[in-house]
Amino acid sequence: ELSADAITQAISAVNTEAIIANKEATRNWPTHGLDYEETRHSKLDGINTENVSKLALAWSAGLDSRRGVEATPIVVDGVMYVTASWSIVHAFNAVTGEKLWEYDPEVPKDYAYKGCCDVINRGVAVYEGKVFVASYDGFLHAIDAATGAQAWKIDTIENREMSYTITGAPRVYKGKVMIGNAGAEYGVRGYITAYDATSGEQQWRWYSVPGDPSKPFEDDSMKAAAETWDPAGKWWEAGGGGTMWDSMAFDPELDLMYVGTGNGSPWNRNLRSPAGGDNLYLASVVALNPDTGEYVCHHQETPGDNWDYTSTQHIILADLEIEGEARKVWLHAPKNGFFYVVDRTNCDFISAEKFVEVNWATGYDEEGRPIEVDGARSRTEPWETIPSAYGAHNWHPMSFNPQTGLVYIPAQGVPLVQQHNPDWQLNTHVPGAAMSNLGWNLGYLFNTVAPTATPFGHLLAWDPVNQKEVWRANYVSPWNGGTLTTAGGLVFQGTADGRFVAYDAKSGEMLWQTPVGSGVVAAPSTWEKDGVQYVTVAVGWGGVYGQMQRATEKTGPGRVYTFMLDGKGEMPEMVEREPATLVAGVPYNPEDIGPGAALYVSSCLFCHGVPGVNNGGNIPNLGFSSADTLNNAAELLLTGAFVEGGMPTFEGKLTEDEVKKIVAFIQGTADAVRPK
Ligand code: PQQ
């Protein structure tokens, strides 16, 4: 039994000093990345290489979620907070699994299309008695930790005409709740804001890209940044991008915070800033003063980003000995395929090496600038992006174990070809331009020729001092979960094919695994209560890749699992998908297939995948629709029949005749790929 008083007491005790003190023994998991340095390295060793074979379920609980679950569970003194899709917060007694309360921020379901990558949320922050969640529709909510009642709610979005969303977990440092936002696929201007944790009052805001140059710059960093953009591209109309949609880390000794910035809006620099330029502060790690939000310094990983190479991936602060010298560094493995070690006292570049195959740059010079390859910015030829926009490593958190000296990275490759789109216009539906009917602004056409790369996913153990691979564990698919490493000599990771696995952190030997009933994308956490160590992982397949692809026939729904040695919990039933068959018999005019393909790309592609070719993730592949659905497609699409599930209405966006063409493409493709 956990009384409301006990919860209040536990969460009221969480503040910056307590989060710092927790590092000593890491009994709790009080902040997203475990500690301010975001190491995800637990000092707990109750579960270790010797006994992990006895790890078994303590309890599991449903999250009532059919879309992606990306949250790291926060656990303090036996109280657990985890979010599921649509930013819904669930509170549990972490030892028994008893549900304490649920908080639904009531994100309007017709808001879903304003975000690129599934209606996901990466978790909460807790501080001085409150739980903070940033909802998909851009509000920051403060909730009473014991009761789940709302304490306050703040609109973080300064311009609701733009497609801003929030998917990231807030962090709280010295009484300020920090949160960024998302939307750089659509055209927004990225910013991060700090709010007072008690009152919700805004404390500061820092933009990652300059605004309209006819107005005063907000600060010197914006003035400096504007010089690296070409005004001919009118970046302020598309917003510029640079959204800070995920990572933050804090160094309490230096009193600095670090934040990763996203890609440009539009993606294509030839359109965004035609004369070139670095386009600060896109695709960078930036150091800010956490008290004031003032810019301190930065390292730009992908100058003039042109490939959706976001640098929002998880940042880890570490103290390493490099060439005989003690260095305070940050470690980073962004989408672009290079692993960075940078001096976090002054943002001085130390080293960068490829951690997967990379074709856009051969390496970095001493100043920390990439040596680019000809053709990677072509305005005429297709370019196969290796890594692609899915990232060599996406948001799935990595971890750093100072005992092995290794970083554990969910590495991957998803093939994609991009080609400059000379017909691109801001906020305009152009058939053939991916998702442009929903407001995407990329400036590229995709897969105009077939990619040659092979998809892959592996857990990569990387030595950041020597910048080299030490071991890897191969998977059947990209898009595997975030990692956790422990003083018990272990690495934990969930997999796309629906398992939760423990490895020997030194050797990579698999020591334990269990099925969990769905592909896993989130990272686990570990914590202790009454001397017993537990490991928790939230499960629910999704995110941008998981919407249209899958690697297991097990289909969730979202669930949180807690494991302990000799646990006696009963494994829940694992649900198999209904076998799917390619749709047949829907009448269509073959001449409609071509125009239908272009409309499909601009309205459906990045959620539903290629009909009959992708197999469908948490969103169905339309090649496997029923004939009834396709025969009634116009009515379903144009009246918003699926809005509750997150699909927008296409009323006013598509005509009946255009829907007919899309149906022709779906049925035509199903017929074309059906085995003879
Ligand atoms: N989100 C995911 C996910 O949760 O699976 C994957 C991605 C995002 C990306 O690959 C992105 O590029 C991305 N970009 C933005 C952006 O540009 O603002 C936001 C997000 C997001 O908020 O989830 C993603």
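Residues numbered from 1 in each chain as written. Predicted model: local features only at pLDDT ≥ 70, side-chain atom pairs only at ≥ 80, totals over all residues. Heavy atoms only, no water.

Participant: For this particular structure, what's the right way to read the sheet that holds strand 3 (residues 74-76)?
Facilitator: Whether parallel or antiparallel, the strands of a sheet pair through hydrogen bonds between backbone atoms. Across the sheet, which stays open at both edges, the 4 strands sit in the order 3-4-5-6 with antiparallel pairing between neighbours. Across the chains shown, the open sheet's two edge strands, defined by having one partner strand only, are strand 3 and strand 6 (99-103). For this sheet, the mean angle separating the axes of adjacent strands, direction not counted, is 15°. Relative to strand 6, strand 5 (residues 89-93) runs antiparallel, the two sharing 4 bridges. Bridge pairing in strand 6 places Ala-91 opposite Trp-101. The sheet contacts of helix 1 (residues 4-12) involve strand 3, strand 4 (79-83) and strand 6, and relative to strand 4 the element is tilted by about 75°. (Pairing = 2+ DSSP bridges. Helix = DSSP H or I, 4+ residues; strand = E, 2+ residues; numbered from the N terminus. Axes fitted to C-alpha atoms, helices over the stretch in contact; angles between N-to-C directions. Contact = heavy atoms within 4.5 Å.)

Participant: Teacher, can you tell me more about the site of the ligand here?
Facilitator: Around the ligand sit 22 residues in total, of which Glu-70, Thr-167, Gly-183, Thr-243 and Lys-335 are the nearest. In the environment of the ligand, an oxygen atom lies 3.2 Å from a nitrogen or oxygen atom belonging to the side chain of Asn-263. Alone, the ligand offers 460 Å² of accessible surface; in the complex the protein occludes 97% of this. When atom positions are compared with the pocket grids, the ligand is found to occupy the largest cavity. Per-class residue counts for the shell around the ligand are 10 nonpolar, 7 polar and 5 charged. (Near = heavy atom within 4 Å. Polar contact = N/O pair within 3.5 Å; in protein donor to acceptor, adjacent residues only side chain to side chain. Areas by Shrake-Rupley, 256 points an atom, 1.4 Å probe, with all protein chains shown as cover. 1 Å grid on protein atoms, 1.4 Å probe; cavity = no way out; pocket = protein on both sides within 12 Å on 5 of 7 lines; lining within 4 Å. Sits in = over half its atoms within 2 Å of the grid points. Nonpolar A, V, L, I, M, F, W, Y, C, P; charged D, E, K, R; others polar.)

Participant: What's the story with the packing of aromatic side chains in this structure? I'm lost.
Facilitator: Ring pairs (aromatic) are described by centroid distance and by the angle formed between their planes. Taken as a whole and assessed by the stated rule, the structure comprises 38 aromatic pairs. With a centroid separation of 5.7 Å and an interplanar angle of 40°, the aromatic rings of Tyr-81 and Trp-101 are classed as tilted. Of this pair, Tyr-81 sits in strand 4 while Trp-101 sits in strand 6, and the two are 20 residues apart along the sequence. Relative accessible area serves as the criterion here: at 1%, Tyr-81 is assigned to the buried category. Both rings, one in Tyr-408 and one in Trp-471, keep their centres 5.9 Å apart while their planes meet at 40°; by these two values the pair is tilted. A residue pair is termed long-range when its members are at least 10 positions apart, and Tyr-408 in strand 29 (residues 406-413) and Trp-471 in strand 33 (residues 468-475) qualify at 63 residues. Each member of the pair, Tyr-408 as well as Trp-471, carries the same accessibility label: buried. Clustering of aromatic rings is evident, with ring pairs tying together Trp-307, Tyr-309, Phe-338, Tyr-340, Phe-349, Trp-360 and Tyr-364. The ring of Tyr-113 carries the charged tip of Lys-653 above its face, separated from the ring centre by 4.2 Å. (Phe/Tyr/Trp six-rings, centres within 6.5 Å; stacked < 30°, edge-to-face > 60°. Buried < 20%, exposed > 50% of the residue type's maximum accessible area, 1.4 Å probe, protein only. Lys NZ or Arg CZ within 6 Å of the ring centre and 35° of its normal.)

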